[in-house]
Amino acid sequence: MDIETARKEVEVANWYHSFELMPGLWTPGVHRTDSRALLNDRFGLPETLEGKTALDIGALDGPHSFELERRGAKVTSIDIQSPDVTGYNAARKVLGSKNEYFQGSVYGLSDILAGRSFDIILYFGVWYHLKHPVLAFEQIASVLNPDGVVLFEGEALKNYAARPDGTSHPDAKLVAQMAESDIPMTLYYAGPYKDDQWSWFVPNRACVNEWLETASLQMQSHGFWDSHPHQRMF
């Protein structure tokens, strides 16, 4: 597809991520994303994934899904939104992608995917949007191959605690103690968190570990992107 035709395809969708679909053509999203660098630098994912199956949960407009496909994986994507709305189908058309897409919830993975299992599962920016994060991890475990790996990323308690009214808790020492404690704990918000109505849980690392163990998963390594006010665990 030539770049002008591709540009017209891109213009009809609503994008969240800004990523390079083809040389000189970026999707007009608000969140600049370099999926190749992210998967290399933060997660150490191999450049070649030939013969691997991959699932991208919360794929949205698909930058990570298409990067996995570029590396040779057989990719399945899932999101609660329509791929026609998010831009995923526009990107798939421009790229000539063979990725498979399901519209549905992480809570229903085992039913939606009907017995399939995956070597690599991406779970980026989802858990804090869920009222039942443990159920989600249990569903993820149910479609993970025995020697497979889950790469996850999401909001976690590190350097910032908001009151329900949105103001920051002034006791930085207390926040640090909660974040670094081996006692599993999580903040919870019924209303907006950082102006997002659909962000519920902000767990500390110990809590995430307990969630994983409940789902029969095991944390092999972790890190934080924690330049204030960001606090995201991967």
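Relevant structure appears above.
Attention in this report is confined to the structure presented alongside it.

Conventions and cut-offs
- Residues numbered from 1 in each chain as written.
- Predicted model: local features only at pLDDT ≥ 70, side-chain atom pairs only at ≥ 80, totals over all residues.
- Heavy atoms only, no water.
- Phe/Tyr/Trp six-rings, centres within 6.5 Å; stacked < 30°, edge-to-face > 60°.
- Helix = DSSP H or I, 4+ residues; strand = E, 2+ residues; numbered from the N terminus.
- Buried < 20%, exposed > 50% of the residue type's maximum accessible area, 1.4 Å probe, protein only.
- Core = buried A, V, L, I, M, F, W, Y, C linked by side-chain atoms within 4.5 Å.
- Contact = heavy atoms within 4.5 Å.
- Pairing = 2+ DSSP bridges.
- Axes fitted to C-alpha atoms, helices over the stretch in contact; angles between N-to-C directions.
- Parallel < 35°, antiparallel > 145°, perpendicular 65-115°, else oblique.
- Nonpolar A, V, L, I, M, F, W, Y, C, P; charged D, E, K, R; others polar.
- Salt bridge = Lys/Arg side-chain N within 4 Å of Asp/Glu carboxyl O.

Re the packing of aromatic side chains
So, step 1. Counted by the stated rule, this structure contains 14 aromatic pairs.
So, step 2. Pairing phenylalanine 43 with phenylalanine 234 gives two aromatic rings, centres 5.9 Å apart and planes at 70°, and the pair type is edge-to-face. Note that phenylalanine 43 is positioned in the loop between helix H2 (35–42) and strand E5 (53–57) and phenylalanine 234 in the segment after strand E13 (232–233), a separation of 191 residues in sequence.
So, step 3. Since its relative accessible area comes to 18%, phenylalanine 43 is described here as buried.

Digging into the nonpolar core
One recurring pattern in soluble globular proteins: nonpolar side chains tend to sit buried together.
So, step 1. If you look at the biggest cluster of nonpolar residues, it comprises 32 residues, and the most contacted ones within it are Tyr123 and Trp127.
So, step 2. The set of elements that each furnish at least two residues to this core consists of E5, strand E8 (118–124), helix H7 (133–142), strand E9 (144–155) and helix H9 (205–214).
So, step 3. The element best represented in this core is H9, accounting for 4 residues.
So, step 4. Not counting residues up to four positions away in its chain, the partners in contact with tryptophan 127 are Pro133, Phe137, Phe152, Glu153, Gly154, Glu155, Ala156, Pro203, Val208, Trp211 and Met233.
So, step 5. Core analysis: the second largest hydrophobic core is formed by 15 residues, Ala59, Phe66, Tyr88 and Ala90 among them.

Structural notes on the sheet that holds strand E6 (residues 74–79)
So, step 1. An order of E7-E6-E5-E8-E9-E13-E12 is seen for the 7 strands of this open sheet, with the pairing classed as mixed. Every other strand in the sheet has two partners, leaving strand E7 (100–103) and strand E12 (224–225) as the edge strands with one partner each.
So, step 2. Judged from the 4 bridges that link them, E6 and E7 form a sheet pairing that is parallel. By the bridge assignment, aspartate 79 is partnered in E7 with glutamine 103.

A closer look at the packing of H2 against helix H3 (residues 63–70)
Each pair of packed helices gets described by two things: the angle between the helix axes and the distance between those axes.
So, step 1. At their nearest, the axes of H2 and H3 sit 9 Å apart, and the two run at 75° to each other. By the angle between their axes, H2 is roughly perpendicular relative to H3. In this structure, H2 uses Ser35, Arg36, Leu38 and Leu39 to contact H3, whose residues at the interface are Pro63, His64, Glu67, Leu68 and Arg70.
So, step 2. Here the contact of H2 with H3 is composed, by residue class, of 4 nonpolar, 2 polar and 3 charged.

A word on the environment of alanine 206
So, step 1. Relative to the assigned elements, alanine 206 resides in helix H9.
So, step 2. Alanine 206 sits in the buried class, given a relative accessible area of 5%.
So, step 3. It is 15 Å that separates the C-alpha atoms of alanine 206 and tyrosine 188, two residues lying 18 residues apart in sequence.

So, the pattern of salt bridges
So, step 1. Throughout the structure, instances matching the rule amount to 11 salt bridges.
So, step 2. One salt bridge in this structure joins arginine 70 and glutamate 67, with 2.7 Å as the shortest N-O distance. Here glutamate 67 and arginine 70 lie together in helix H3, a separation of 3 residues that amounts to about one turn.
So, step 3. Take arginine 70: its relative accessible area is 43%, and that puts it in the partly exposed class.
So, step 4. Among the salt bridges present, the one from glutamate 100 reaches arginine 116, with a minimum N-O distance of 2.5 Å. Highlighted residues: glutamate 100 in strand E7 and arginine 116 in the loop between helix H6 (109–112) and E8, separated in sequence by 16 residues.
So, step 5. Salt bridges sharing common partners tie together Arg36, Glu47, Glu67, Arg70 and Arg71.

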